[in-house]
Amino acid sequence: MTSSVLQQLQEVRQRRGAGYLTLLDPDRLEPDELEARAELCAEVGADAILIGTSLMFSARNAASFERVKARVDIPVISFPGGASQVVPTADAILFLSLISGRNPELLIGEHVKAAPLIREYGVEAIPTGYMLIQSGTLTSVEFMSNTQPIPRNKVDIAMAHALAAEYLGMKLIYLETGSGAGASVPDEMVQAVVNYVSTPVIVGGGIRDPEEARAKVVAGASFVVTGSVVEDDHQRLREFSQAVHAKE
Ligand code: 1GP
């Protein structure tokens with residue numbers, strides 16, 4: 001029996017110490033570019049590809065998954081900004097609840113709209129507690145979600161949110177400053193959260209060099225996500241992958 005995407009991610013974490021996930025934005029990349037970038041990510045050792053964005057302009061979302069899946073043999077996972085981004089062609093979907101915010105639509109409303117479709121499509125849903133951390137810049141996710149991020153120096157608040165997510169049964173916790181953020185989640189916050197909960201922690205947003213990616217792994221992150229760097233600087237992708245997988 002083929003294992004679930006969540007099991008595959010857990011296995012990556014065991015085998016490689018941490019997993020490297022790359023985010024592709026279908027709004028920023030033409031279909032050919034998207035495929036080429038996905039292929040490159042897989043080639044340098046990325047463990048999964050995330051596809052998604054806060055605000056989708058592209059009408060090609062479902063097709064993007066199909067095209068990318070035809071080119072890579074790592075999981076292609078939906079990272080949706082809302083129920084309208086649910087597609088039948090994803091290997092799995094991060095079923096994100098924006099737990100750091102108090103916007104009911106992003107805590108449960110979009111989920112109610114998305115759940116029947118996800119079931120109908122037979123896509124694996126991975127319950128994920130999504131926590132937005134202040135970066136100092138107003139990111140798209142912060143603006144679009146109409147939520148306040150957790151202040152970057154309030155480690156205790158982040159810990160309490162992560163534990164609540166764990167008690168609610170979420171399988172992953174995603175600490176995020178937002179794509180293109182001016183700063184990544186502080187290493188001290190990653191470490192404090194990882195030490196406080198047993199749920200695997202994903203860290204993303206504003207990670208600009210391999211050393212920074214490595215620091216998140218050293219702090220205890222199970223998965224590191226980069227997005228913007230894939231779009232700007234593919235030569236360095238291999239270094240990112242090596243930095244995240246340095247335990248190998
Ligand atoms: C966004 O964490 C991802 O959810 C990626 O962020 O584009 O800043 O790398 P960047």
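Refer to the structure printed above.
Everything quoted here is computed from the prediction, not taken from an experiment.

Scoring rules and cut-offs
- Residues numbered from 1 in each chain as written.
- Predicted model: local features only at pLDDT ≥ 70, side-chain atom pairs only at ≥ 80, totals over all residues.
- Heavy atoms only, no water.
- Helix = DSSP H or I, 4+ residues; strand = E, 2+ residues; numbered from the N terminus.
- Polar contact = N/O pair within 3.5 Å; in protein donor to acceptor, adjacent residues only side chain to side chain.
- Contact = heavy atoms within 4.5 Å.
- Near = heavy atom within 4 Å.
- Areas by Shrake-Rupley, 256 points an atom, 1.4 Å probe, with all protein chains shown as cover.
- Nonpolar A, V, L, I, M, F, W, Y, C, P; charged D, E, K, R; others polar.
- Phe/Tyr/Trp six-rings, centres within 6.5 Å; stacked < 30°, edge-to-face > 60°.
- Buried < 20%, exposed > 50% of the residue type's maximum accessible area, 1.4 Å probe, protein only.
- Axes fitted to C-alpha atoms, helices over the stretch in contact; angles between N-to-C directions.
- Parallel < 35°, antiparallel > 145°, perpendicular 65-115°, else oblique.
- Left-handed = near helix turned anticlockwise from the far one by under 90°.

If you trace the backbone, Asp47 turns up in the loop between α2 (31-44) and β2 (48-51). Looking at Asp47, its side chain comes within polar contact range of the main-chain nitrogen of Tyr20, at 2.7 Å. Among the polar contacts made by the side chain of Asp47, one reaches the side chain of His245 at a distance of 2.7 Å. Setting aside its immediate chain neighbours within four residues, Asp47 contacts Val12, Arg16, Ala18, Gly19, Tyr20, Ile74, Pro75 and His245.

The next subject is the site of the ligand. In the vicinity of the ligand, 15 residues are found, and the nearest of them are Glu176, Ser179, Gly180, Gly227 and Ser228. Within the contact set of the ligand, an oxygen atom lies 2.8 Å away from a backbone nitrogen or oxygen of Gly206. Burial of the ligand by the protein chains amounts to 99% of its free accessible area of 310 Å². Those elements that place two or more of their residues in the shell around the ligand are β6 (172-176) and β8 (223-226). The residue makeup of the shell around the ligand, split by class, is 4 nonpolar, 9 polar and 2 charged.

The geometry of an aromatic ring pair is captured by two quantities: the separation of the ring centres and the angle between the planes. On inspection of all chains with the given rule, the structure shows 4 aromatic pairs. An angle of 10° between the planes, with centres 6.4 Å apart, marks the rings of Tyr20 and Phe240 as stacked. Of this pair, Tyr20 sits in strand β1 (residues 19-24) while Phe240 sits in helix α10 (residues 237-244), and the two are 220 residues apart along the sequence. Residue classification places Phe240 among the buried residues on the basis of a relative accessible area of 0%.

Here we take up the packing of helix α8 (residues 210-218) against α10. For the pair α8 and α10, the least separation of the axes is 8 Å and the interaxial angle reads 20°. Relative to α10, the element α8 is oriented roughly parallel. In this structure, α8 crosses over α10, and the sense of that crossing is right-handed. The segment α8 lies against α10, with Pro210, Ala213, Arg214 and Val217 engaging Glu239, Phe240, Ala243 and Val244. Along the lines of polarity and charge, the residues of the contact of α8 with α10 split into 6 nonpolar, no polar and 2 charged.

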